[in-house]
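Remarks on the overall topology
Okay, here's what each chain looks like letter by letter:
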Amino acid sequence: KGLNPLTLVARDIARETGLLLCFDEFQVTDIGDAMILKQLVETILAAGTFIVFTSNRPPRDLYLNGLNRHLFLPCIAMIEKKMKLFNLRNGTDYRALRQNTTGENKDF
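In this report, we go over the structure that sits alongside the text. (Residues numbered from 1 in each chain as written. Predicted model: local features only at pLDDT ≥ 70, side-chain atom pairs only at ≥ 80, totals over all residues. Heavy atoms only, no water.)

**Section: the overall build of the protein**
Looking only at helices and strands, one finds 4 helices and 2 strands in the protein. When the 108 residues of the protein are sorted by exposure, 23% land in the buried category. Residue pairs in contact within the protein that sit at least 24 positions apart in sequence constitute 69% of those at least 6 positions apart. Surface summary for the protein: the accessible area is close to 8200 Å², and the carbon and sulfur share equals 55%. (Helix = DSSP H or I, 4+ residues; strand = E, 2+ residues; numbered from the N terminus. Buried < 20%, exposed > 50% of the residue type's maximum accessible area, 1.4 Å probe, protein only. Contact = heavy atoms within 4.5 Å. Areas by Shrake-Rupley, 256 points an atom, 1.4 Å probe, with all protein chains shown as cover.)

Next up, the structure:
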C-alpha cells in the first residue's frame, strides 16, 4: 500500500521478465515516456533485472530537441552511469547491402 503505481508496474515487469529485458531500436519521442522512463528503469534494475537497449543513437541523443528535454537529462545521466555502453558501429550499413536494384529489401 502507498507505493507509486509506476513502481508497482516496474516491479511487475521485472518479475514477469526475469533476469533480462531487451528493447530493440530504443528511442524516446514522447514527453510522457520521457518523464516516466528514469523511475521505471531504476526500479527494474533495482529488482535485479538486466536491461539491454539497442539504438541507432547514443544515450545523449535520446529525446533530442524534445519538449522540456532538460527534465529528461537526469534519465540520460542515469543510463550513462549505471549501464555499460558499447558502440557497435563498424562503418558498414548491412541493411543497405541487402537491397536489390529495385530498392526492395531482400529480408522480406
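Once you've had a look at it, read on.
**Side note on a nonpolar patch on the surface**
Side chains of Leu19, Leu20, Phe50 and Val52 sit close together on the surface and give an oily, nonpolar patch of about 430 Å² of accessible area. Under the relative-accessibility criterion, Val52 is labelled partly exposed at 37%. (Patch = residues over 30% accessible without salt bridge, like charges linked within 9 Å, V, L, I, M, F, W, Y side chains within 5 Å. Salt bridge = Lys/Arg side-chain N within 4 Å of Asp/Glu carboxyl O.)

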